[in-house]
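# Secondary and tertiary structure notes
If you want the building blocks of each chain, they are given just below.
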Amino acid sequence: MNLLLDTHVFIWSRGNPERLSDNVRELLIDTNNSWILSLASIWEMQIKIQLGKLNLNLSLPSLIKNQQRVNALQLLVIELNHIWGLTNLPNHHRDPFDRILIAQAIVEELLILSIDSVFDAYPIQRLWQV
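Source: prediction; values computed, not measured.

This brings us to the environment of N33. Tracing the chain through its elements places N33 in the loop between α2 (22-29) and β2 (34-38). Classification of N33 as buried rests on a relative accessible area of 9%. Taking the C-alpha atoms as reference points, N33 and N2, 31 residues apart in sequence, are found 5.9 Å from one another. Apart from the residues within four sequence positions on either side, N33 is in contact with M1, L3 and L27. Here the side chain of N33 touches M1 through a polar contact of 3.0 Å, landing on its backbone nitrogen.

Quick look at the structure:
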């Protein structure tokens with residue numbers, strides 16, 4: 001399965017895996033699944049680092065490179081069709097980073113790993129289950 005990781009899932013998978021649900025941990029361990037991280041998540045992490053709201057054990061570039069090597073992490077660029085996907089997206093969620101992840105999941109037909117239940121208001125499949 002191609003799994004789009006919400007930002008917190010990516011962070012927790014590296015530093016606090018106990019915060020992930022058992023289901024998500026199993027999905028991430030399964031080498032048949034592909035890890036996909038949106039550039040929006042990298043942008044969000046960079047902003048949080050600069051604001052002092054996020055501390056990582058490695059620099060963000062090193063962390064991304066390491067995960068590309070270790071877990072075959074794929075990066076999902078933000079394309080125009082993802083931005084156009086926001087056009088008719090209901091305003092259930094106001095976070096711009098989450099909204100672009102939702103649009104990308106819809107356009108690319110990706111499953112999304114997230115604890116955020118507000119995602120369930122959109123036509124995507126969110127995986128978490130405790």
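Moving on from the coordinates now.
Mapped onto the elements of the fold, R99 is located in helix α6 (residues 96-108). Apart from residues no more than four positions distant in its own chain, R99 is found in contact with L86, L89, P90, N91, H92, H93, R94 and Y122.

A few words now on unusual backbone geometry. Phi is positive for A72, close to 50 degrees, though the residue is something other than glycine. Turning to its location among the elements, A72 is positioned in the loop between α4 (60-70) and β3 (74-76). On the basis of relative accessibility, which here comes to 48%, the residue A72 falls in the partly exposed class. We note that E109 has phi near 55 degrees; this positive angle belongs to a residue other than glycine. As for its placement among the helices and strands, E109 is situated in the loop between α6 and β4 (111-113).

Definitions and limits used
- Residues numbered from 1 in each chain as written.
- Predicted model: local features only at pLDDT ≥ 70, side-chain atom pairs only at ≥ 80, totals over all residues.
- Heavy atoms only, no water.
- Helix = DSSP H or I, 4+ residues; strand = E, 2+ residues; numbered from the N terminus.
- Buried < 20%, exposed > 50% of the residue type's maximum accessible area, 1.4 Å probe, protein only.
- Contact = heavy atoms within 4.5 Å.
- Polar contact = N/O pair within 3.5 Å; in protein donor to acceptor, adjacent residues only side chain to side chain.

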